[in-house]
2 protein chains.
Amino acid sequence: MFKRNLATILKIPLKAQSLISFERKIPLNVFTVFVITKDNFNSRLISTTLLESKENEKLGSNTFTYRSHTCGEIRSCNIGEKVTLCGWVQFVRLSKFLLLRDAYGLIQCISTDSKFDLSSIPLETIVKIQGTVTARPKNMINPTMTTGEIEVSITDLEILNTVDKIPFNLREYQKPKKQLRLQYRYIDLRFPEMQYNLRQRSNMLHNMRRFLIEKHSFCEVETPTLFCRTPGGAREFVVPTHHRGLFYSLVQSPQQFKQMLMSGGIDRYFQVARCYRDETTRPDRQPEFTQLDIELSFTSLDGVLSLIENLLYESFIKQLPKPPFQRMTYKEAIEGYGSDKPDLTYDLKLRNVSHLFNDKSAFLVAYSQILGKLSAKYREIINKLKNKYEVNIVFVENLSKALGEDITSNIRHTIGRENSCILALGDKENVCLCLGEIRQMLAVLLKSKSLLSVEETMAPLWVVEFPLFVKGENGLETCHHPFTSPHPDDLHLLDSDPSRMRSLAYDLVLNGNEVGGGSIRIHNTNLQEKVLKVLDIDSKKLTHFLDALRSGCPPHGGIALGIDRLISIACQTESIRDVIAFPKSHDGKDPLSGAPNDISDEDKKYYHIGIVN
Amino acid sequence: MFKRNLATILKIPLKAQSLISFERKIPLNVFTVFVITKDNFNSRLISTTLLESKENEKLGSNTFTYRSHTCGEIRSCNIGEKVTLCGWVQFVRLSKFLLLRDAYGLIQCISTDSKFDLSSIPLETIVKIQGTVTARPKNMINPTMTTGEIEVSITDLEILNTVDKIPFNLREYQKPKKQLRLQYRYIDLRFPEMQYNLRQRSNMLHNMRRFLIEKHSFCEVETPTLFCRTPGGAREFVVPTHHRGLFYSLVQSPQQFKQMLMSGGIDRYFQVARCYRDETTRPDRQPEFTQLDIELSFTSLDGVLSLIENLLYESFIKQLPKPPFQRMTYKEAIEGYGSDKPDLTYDLKLRNVSHLFNDKSAFLVAYSQILGKLSAKYREIINKLKNKYEVNIVFVENLSKALGEDITSNIRHTIGRENSCILALGDKENVCLCLGEIRQMLAVLLKSKSLLSVEETMAPLWVVEFPLFVKGENGLETCHHPFTSPHPDDLHLLDSDPSRMRSLAYDLVLNGNEVGGGSIRIHNTNLQEKVLKVLDIDSKKLTHFLDALRSGCPPHGGIALGIDRLISIACQTESIRDVIAFPKSHDGKDPLSGAPNDISDEDKKYYHIGIVN
């Protein structure tokens, strides 16, 4: 039986490999999908597949190539074997040792034969090396390298491609600046970190597909991205056509299509969908992004939430708490944390103490151990927030001194033993949102001084019962999107007081980040038309959609998960750019090609467009 | 142990179910992926997965919903069970029988209780039915229905959504016209055929992912679709940005990105990629389409071909011949079949008989048993082809009479016992292409008269050794794309006679359709620059790409498979539109929404564009 190293088969990056102590060899017809975290070894068995591999069938990372092994997979058990390796020259030492790197690891190759002239090979040259695996002398064993017990004695060396001088080398301790890394992304991708991020992304999406298709009979359907404008949504890119004056819009989500699929009997749909929004001016946004788009018929809010909890529990690359996840209403989130996406990895809850003050306007409290030491910088930020939200802020550094014993003991009853707090007074929602921002700022400060205990785990949270509408500049606007079902208990308010209606929308929040959002949808045409009317959206622009609802559309609901954000949190990267192979810069520019560019006059003529100011 | 009907778990459509005799029950923790063909039962075990299902964990099509079963899965073994079903009213008979349909099948429900008033429910109403499974009376058993042995005695019926009058009902024998079906696609999708096509598409893509990721360690990477214009390719859609006069192009393939990934150490890449081409005026083309895009480092032509053969053999939903597939050079294809994508499901080969005629120009022969009976219509088509290709055509109905005994016996020696043939004379390539078209036409004619034996199997074929360049209006153009590697044996011709060079490109042909194309790529910057020069492409527009090659890019090659076409062949549909959920019409219009549409003045202003003639 053909055997191969497990860590290699599983494409575990070097960093993680060193933390793993697997059985060195496993029979190859048992393929096991593990989930490994980058920073701490925390693998979880996702599933085991029995592949029908024939005797001697080559599997793994080296099939259909002329290498026999990857650089990362060779161990003591391979001593004596002849191997063919391909990779980049990472380093040459003493004209004798060549450190060879590929995506799977590093290996030391050795030759004293002058015909190979190792020292003349520029770093990052791509070479093919044939040789024999030998044991390193005992005193040369490197325990920090997974291949540190062996080396490859070179019998042949071929330069596969020449290399010009490159803008930076692959040294962790000499990492180039962000802009340079993005400009030469094809070199940047060679860093183990980027390899890890992209491969974990691929693994997570595959785990998700296996869960949805194999376990729960979902059907992946590809829907168009060239479509008509969605009324009432974000700004959509337009695409001119050769029909004069007529444009497609690039979809901001497959929302309409997935609802039409429900009407069409594809009752369990998903798609790893490319979506487009022209929000290039907002930080950490990409003009195109990926969402896992899911919709199913004959379900309920509990059904969708349970589906997503189990999906993430089984496919996310970090350990999540066992479902069900915590739930909170929008009201509870705002009043308790001053945010609709509270970070629950630390405590610092807001408290309503308005009943203690004889005032109808709302009072709330955020408390802090270090209020007295708050530097001028922080006080200034707080002052700005105060102005932004138009609320009054009172710093109370000594409760009983400031407010007297009676009220202090009442406050202590509510907030515990804290002696200092920040009181805010004003419009209730504004007070909450202002204190929410202060809460986040204090958390950063307290964490930096180790005064706040932060749980390192993942803290997923459902926020439910969002308002159906929000007040906008020109009347009511939708809080999620126009197809969100009202909460059944609030239907009676649709004609009389729609602004007070709650919806069946839900957001999934992970450690303070919104990673998904969805809702039970409106399936009844009359109700949909009424909601469009409240939103002042011309229903004629949605004729096809309304017709689909009225053709016997089942009740349905779903969600969209932000894949870029999810992976970014799992891989603990600074930005979603670090989990996207070729991201755009802040202003929507492609750092490699410089796109967007000007186009030819011929193209302009073909599309009947001219450039105006 | 929780048990469930296999056919249901596997989402086997009704049509196919009736052809399958499974064990009625299997334990649910063994999940098996079958591949089933629509027309003839020809299932193949792809793989068996052991799922870690807990006792009583619900799996399959009914999780996270309020139905207990699908309409198609109930059998005699369920008699006595209380079930909840959701679906569309397909038919009501005698105010007593209600035929309920969902995506998984049909089931008869029965009630004589007047409170349900079955006959008042419009067809295609979506209802929830609770009831008890009962055996049908012996004389009522319907052996043509998979659920024909049982019926559901209704205890409760709830109308989930009202239905207005709809443009057509779901009757196979009353299928509406294509245009109407596309306009109301959400109803059309309810037909079992469309359900089958979309679900098989999802299955095939999932099988492909399992093969690539689990068996062969490939990494799926999402690459951008908003990019710069590819020089020398098809017409690309442009996307205006708020940077005045600057446009993205929608990628026609991830070609540049996948090669940069090779440089970046993602040595085994694939992507189910959305691609865009503004070819809306060509029949059976879609402005956006899907390709399985694959690339790997350190490989050879044989390596890529073997990878794809095994991929398709294991994941295609029709039985393919065991790898390796047949191979043919471009020259052999043109001279033997008059086409670079010959259909090998029938014989009718072209023969070169130029050596028999004392003439330097090329002669070739297509022979036919029914030449004498060829109607005027066909002769007219042949005459048009003759003019199109500027060749001479001679119909020879009696060889010896026309050409004399000597030459006839020589021809018979070459072509067999045929007595009639079509001779063509002229430029060799034109003669071949002309006879190639005649060959296809004759095949249709001969098949219709059962005079040609056609193999019903799949006949995949690799066409290799394409020319590197073709003659275009303005000098040499690329035959595949500018990044295709020249054939190593022809490198010496690059300066002297590039038009004679062959390439390392390959096309995969399935039953006369091009379903994939790829090549070993150029990895050397100097060679790439020379090829760009021959093609008169400004290499400054590809600086980022050339820099990636010169940064230590490994040798690499790959392919792109046309997913729409592959599924269309497998499902034997007339058009690729039948395997796409929401296709565009011939002129690129969206039949549902009417897109493309005009855009607002505000959008035009934001994007700095005006409409011109």
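Conventions used here
- Residues numbered from 1 in each chain as written.
- Chains lettered and ligands numbered in written order.
- Predicted model: local features only at pLDDT ≥ 70, side-chain atom pairs only at ≥ 80, totals over all residues.
- Heavy atoms only, no water.
- UniProt positions renumbered as here; feature names shortened; annotations may be inferred.
- Helix = DSSP H or I, 4+ residues; strand = E, 2+ residues; numbered from the N terminus.
- Buried < 20%, exposed > 50% of the residue type's maximum accessible area, 1.4 Å probe, protein only.
- Contact = heavy atoms within 4.5 Å.
- Areas by Shrake-Rupley, 256 points an atom, 1.4 Å probe, with all protein chains shown as cover.
- Phe/Tyr/Trp six-rings, centres within 6.5 Å; stacked < 30°, edge-to-face > 60°.
- Lys NZ or Arg CZ within 6 Å of the ring centre and 35° of its normal.
- Least-squares fit on C-alpha atoms with pLDDT ≥ 70 in both.
- Axes fitted to C-alpha atoms, helices over the stretch in contact; angles between N-to-C directions.
- Parallel < 35°, antiparallel > 145°, perpendicular 65-115°, else oblique.
- Nonpolar A, V, L, I, M, F, W, Y, C, P; charged D, E, K, R; others polar.
- Buried area = accessible area lost by both parts, 1.4 Å probe.
- Salt bridge = Lys/Arg side-chain N within 4 Å of Asp/Glu carboxyl O.
- Polar contact = N/O pair within 3.5 Å; in protein donor to acceptor, adjacent residues only side chain to side chain.
- Pairing = 2+ DSSP bridges.
- 1 Å grid on protein atoms, 1.4 Å probe; cavity = no way out; pocket = protein on both sides within 12 Å on 5 of 7 lines; lining within 4 Å.
- Points joined across faces, edges and corners; volume = space filled by probe spheres on them.
- Expected span 1.5 Å × (residues − 1).

Its UniProt record gives chain A the following Sequence similarities (unreviewed entry) comment, quoted word for word: "Belongs to the class-II aminoacyl-tRNA synthetase family. Type 1 subfamily."

Enquirer: Even after reading the chapter, I still don't get the overall build of chain A, so can you show me in this structure?
Expert: What chain A contains, in helices and strands, is 17 helices and 27 strands. Here chain A, with 613 residues, has 62% of them falling under the buried criterion. For chain A, contacts bridging at least 24 residues in sequence account for 64% of all contacts bridging at least 6. Total accessible area computed for chain A in this model is approximately 24,400 Å², and 48% of it derives from carbon and sulfur atoms.

Enquirer: Would you explain the packing of aromatic side chains in this entry?
Expert: In this description, an aromatic ring pair is defined by two values, namely the gap between the centres and the angle between the planes. Applying the stated criterion across every chain, the model contains 18 aromatic pairs over all chains. For the pair Y184(A) and Y186(A), a centre-to-centre distance of 6.2 Å together with 85° between the ring planes defines the contact as edge-to-face. Each member of the pair, Y184(A) as well as Y186(A), is classed as buried. With a centroid separation of 5.2 Å and 40° between ring planes, the pair formed by Y330(B) and F466(B) is classed as tilted. One end of the pair, Y330(B), is in helix α8 (residues 330-337); the other, F466(B), is in the loop between β21 (460-464) and β22 (469-472), and 136 residues separate them in sequence. A relative accessible area of 2% means that F466(B) is categorised as buried. Counting every residue linked through ring pairs, the aromatic cluster contains F227(A), F257(A) and F582(B). A cation over an aromatic ring shows up here: R379(A) above the ring of F395(A), its NZ or CZ 4.6 Å from the ring centre.

Enquirer: Looking at this model, I keep getting lost on the relation of the copies chain B and chain A. Mind explaining?
Expert: Each copy of the chain is related to the other by a rotation around an axis and a translation along that axis. Expressed as a screw transformation, the operator carrying chain B onto chain A has a rotation angle of 180° and an axial translation of 0.0 Å, and the superposed copies differ by an RMSD of 0.1 Å. The superposition of one copy onto the other is thereby described by a two-fold rotation axis. Counting the interface residues of chain B, we find that 100% of their copies in chain A are interface residues as well, pointing to one common contact surface.

Enquirer: Explanation requested: the packing of helix α8 (residues 330-337) of chain A against helix α12 (residues 428-448) of chain A in the structure shown.
Expert: In a pair of packed helices, the angle between the axes and the distance between the axes together describe the arrangement. Residues and elements named next belong to chain A. Where α8 contacts α12, the axes come no closer than 7 Å and their chain directions differ by 60°. Relative to α12, the element α8 is oriented oblique. In this structure, α8 uses Y330, I334, E335 and Y337 to contact α12, whose residues at the interface are K428, E429, C432, L433, G436 and R439. Of the residues assigned to the contact of α8 with α12, the class counts are five nonpolar, one polar and four charged.

Enquirer: Would you explain the interface of chain B and chain A in this entry?
Expert: Interface size is commonly expressed as the accessible surface area that is lost when the partners come together. If you look at the interface, chain B gives 145 residues, while chain A gives 145 residues. Roughly 12,800 Å² is buried in total at the junction of chain B and chain A, and carbon and sulfur atoms are behind 55% of that figure. The three residues of chain B that bury the most area against chain A are F64(B), E222(B) and F298(B), which together make up 7% of that side's buried surface. With its nearest N and O atoms 3.2 Å apart, the salt bridge here joins R210(B) to E214(A). Across the contact surface, chain B and chain A share 87 residue pairs in polar contact (both at pLDDT 80 or more). The biggest single contributor to the side of chain B that touches chain A is helix α5 (residues 192-215) of chain B, with 12 residues. Tallied by class, the residues present in the side of chain B that touches chain A amount to 66 nonpolar, 45 polar and 34 charged. Examined bridge by bridge, strand β27 (residues 609-611) of chain A and strand β27 (residues 609-611) of chain B share three bridges and lie antiparallel to one another.

Enquirer: What is the right way to look at the sheet that holds strand β21 (residues 460-464) of chain A in this model?
Expert: Note: strands within a sheet are paired through backbone hydrogen bonds, in either parallel or antiparallel orientation. Residue and element names in this part refer to chain A. Taken together, eight strands build an open sheet; the order of strands is β10-β14-β15-β26-β25-β24-β21-β16 and the sheet is mixed. One side of each edge strand has no neighbouring strand; the edge strands of this open sheet are β10 (219-220) and β16 (326-329). Bridge analysis of β10 against strand β14 (residues 268-276) gives two bridges, and the strand direction is parallel. Across the sheet, the residue bridging to E220 is F270, located in β14.

Enquirer: What should I look at first to understand empty space enclosed by the protein in this one?
Expert: Tallying each qualifying case throughout the model produces 12 cavities of 30 Å³ or more. Empty space within the largest cavity amounts to approximately 340 Å³. Where the lining of the largest cavity is concerned, the elements lending two or more residues are α5 (192-215) and β14 of chain A together with α5 and β14 (268-276) of chain B. Residue composition of the lining of the largest cavity, by class: nine nonpolar, seven polar and eight charged.

Enquirer: Would you explain the sheet that holds strand β8 (residues 126-135) of chain B in this entry?
Expert: Residue and element names in this part refer to chain B. If you walk around this closed barrel you meet the five strands as β5-β6-β7-β9-β8, and the pairing is mixed. Across the sheet, the axes of successive neighbouring strands diverge by a mean angle of 55°, strand direction being ignored. Judged from the five bridges that link them, strand β5 (residues 82-93) and strand β6 (residues 97-102) form a sheet pairing that is antiparallel. Bridged to R93 within β6 is F97.

Enquirer: How should I be thinking about α5(A) in this particular structure?
Expert: Residues separated by three or four positions in an α-helix point in the same direction, a consequence of the helix having 3.6 residues per turn. All names here are of chain A. Compared with the 34 Å implied by 1.5 Å per residue over 24 residues, the 33 Å span of α5 between its first and last C-alpha is a close match. When you tally the buried positions in α5, you get 22 out of 24 residues, the bulk of the element. Just downstream of α5, S217 is the residue with a positive phi angle, here 55°.

Enquirer: How should the side chain of E222(B) be read in this particular structure?
Expert: Among the structural elements, E222(B) can be located in the loop between β10 (219-220) and β11 (226-227). Take E222(B): its relative accessible area is 15%, and that puts it in the buried class. Among the polar contacts made by the side chain of E222(B), one reaches the side chain of R201(A) at a distance of 2.9 Å. Of note is the side chain of E222(B), whose polar atom sits 2.5 Å from the side chain of T290(A). Those residues within four positions of E222(B) in sequence are excluded, and the remaining contacts are R201(A), L205(A), V272(A), R274(A), T290(A), A581(A) and Q271(B).

Enquirer: Looking at this structure, I do not really get the pattern of salt bridges. What am I missing?
Expert: Opposite charge on two side chains permits them to pair, given that their charged atoms come into close proximity. Applying the stated criterion across every chain yields a total of 71 salt bridges over all chains. Across the pair E158(A) and K128(A) runs a salt bridge, and its minimum N-O distance is 4.0 Å. You can see E158(A) sitting in strand β9 (residues 150-161) and its partner K128(A) sitting in strand β8 (residues 126-135), a full 30 residues away along the chain. The class of E158(A) is partly exposed, set by a relative accessible area of 38%. Taken together, the shared-partner salt bridges in this structure form one network comprising R209(A), E220(A), R209(B) and E220(B).

Enquirer: Please explain the pairing of strand β26 (residues 556-562) of chain A as it appears in this structure.
Expert: Sheet faces and side chains relate simply in a regular strand, where the side chains alternate between the two faces. All names here are of chain A. Counting buried positions along β26 yields six of seven residues, so the element is predominantly enclosed. Here five bridges tie strand β25 (residues 513-520) to β26, and the two strands are oriented antiparallel to one another. In the strand pairing of β26, G518 is matched with I559.

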